[in-house]
Amino acid sequence: MSDASRETMLAPLVREGSRILAISGSLRHGSLNTRLLREIAERAPAGVEIELFDGLRSIPPYDADADTGPAPEPIRALRDAIAEADGLLFATPEYNSSIPGVLKNAIDWASRPRATTPFQGKPAAVVGATTGQFGAVWAQAELRKVLRSTGARVVDLELPVAKGHHAVAQRGALLDEVHGPRSAEILRALVTEIQRDRELALID
Ligand code: FNR
């Protein structure tokens with residue numbers, strides 16, 4: 001899809017602008033998943049701002065005893081970042097057929113207290129990249145399930161980027177003529193969910 005047609009497709013939906021918080025499930029410096037989010041952000045149309053969350057490394061292991069009073073600073077920052085975003089875009093590697101522990105741990109923190117979690121009703125979408133041949137499909141499905149259980153409204157689409165290291169070595173990029181349009185479709189679905197929130201707010 002050309003940049004022009006992507007802009008045209010999204011234009012009616014992004015009149016007010018959408019702020020999307022992007023969270024990579026990998027802490028690795030050369031992470032394919034962080035790279036995937038950056039490439040999607042670079043291609044985002046005008047009006048869609050994608051900001052990368054960089055606080056995952058600072059999140060302590062979840063401890064219900066530490067989750068009774070004021071939250072530790074990294075947790076407060078995570079919860080605030082989620083609350084302030086119009087939508088969430090996650091990129092996850094696959095670790096042992098599931099999502100990385102650091103990502104699940106952060107989601108567990110942000111999912112509490114249940115009554116005030118910033119996930120409630122929050123539009124979210126998931127993409128993923130691996131060095132293997134399946135593109136983290138199981139991890140993406142798992143992450144959609146986990147996010148739904150927190151109350152997020154999760155787009156039912158996936159972007160499996162397989163053998164990402166080869167793509168980067170050969171093309172210098174993860175997104176190609178297949179993954180580029182697919183990522184635009186996922187972004188469009190996410191922005192549509194965000195827009196639905198605004199329409200409902202107008203009705204209320
Ligand atoms: C992996 N990897 C992996 N890949 C896969 O396709 N299925 C799997 O079950 C696993 N399991 C797994 C476990 C652990 C502990 C590690 C460290 C790695 C490979 C992994 O998905 C791959 O290295 C990704 O490229 C990592 O993502 P980042 O860091 O490049 O974003």
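I will try to describe carefully the structure that is included in this document. Numbers given for residues are sequential positions, taken from 1 along each chain in its written order. The predicted origin of the model limits local features to residues at a pLDDT of at least 70 and limits the giving and counting of side-chain atom pairs to 80 or more, whereas totals for whole chains, interfaces and linings rest on all residues. Side-chain figures throughout are based on the complete set of non-hydrogen atoms in the structure, without hydrogens or water.

Nonpolar cores were defined as sets of buried Ala, Val, Leu, Ile, Met, Phe, Trp, Tyr and Cys residues, with membership established by side-chain atoms within 4.5 Å. Throughout, exposure labels follow a simple rule: accessible area from a 1.4 Å probe, protein chains only, divided by the maximum for the residue type, with under 20% read as buried, over 50% as exposed, and the rest as partly exposed. Counting 28 residues, the largest nonpolar core has Leu21, Leu88, Phe90, Ile107, Phe119, Leu143 and Leu147 as the members making the most contacts within it. Secondary structure elements are defined from DSSP: runs of H or I of at least 4 residues count as helices, runs of E of at least 2 residues count as strands, and each element is numbered from the N terminus. Broken down by element, this core gets its largest block of residues, 5 residues, from helix α4 (residues 101-110). Excluding anything up to four places from it in sequence, Ile107 contacts Phe90, Phe119, Leu143, Val146, Leu147 and Thr150. Membership of the second largest hydrophobic core comes to 25 residues, among which are Leu32, Ala125, Leu187 and Val191. Whether two residues are in contact is decided by their heavy atoms: any pair within 4.5 Å suffices.

What follows covers unusual backbone geometry. In this chain, Arg112 is followed by Pro113 through a cis amide linkage whose omega measures -15°. Locating Pro113 in the fold gives a position in the loop between α4 and β4 (123-129). With a phi close to 65°, Ser97 is a non-glycine residue in the positive phi region. By secondary structure assignment, the location of Ser97 is in the loop between β3 (87-91) and α4. Phi at Ala136 is positive, roughly 60°, even though this residue is not glycine. Inspection of the secondary structure puts Ala136 in the loop between β4 and α5 (137-150).

This brings us to the packing of helix α3 (residues 73-84) against α4. Across the interface, α3 lies against α4 with an axial gap of 10 Å and an inter-helix angle of 80°. The angle between α3 and α4 places the two elements in the roughly perpendicular class. Residues Ile75, Leu78, Arg79 and Ile82 of α3 touch α4, and the partners they reach there are Ala106, Trp109 and Ala110. Under the scheme applied, nonpolar residues are Ala, Val, Leu, Ile, Met, Phe, Trp, Tyr, Cys and Pro; charged residues are Asp, Glu, Lys and Arg; polar residues are all the others, including Gly. Split into classes, the residues belonging to the contact of α3 with α4 amount to 6 nonpolar, no polar and 1 charged. Helix axes are fitted to C-alpha atoms over the stretch in contact, other axes to C-alpha atoms as well, and angles between N-to-C directions run from 0 to 180 degrees. Between 65 and 115 degrees an angle is taken as roughly perpendicular, under 35 as roughly parallel, over 145 as roughly antiparallel, and anywhere else as oblique.

Treat this as a map of the structure, not an account of what it does.
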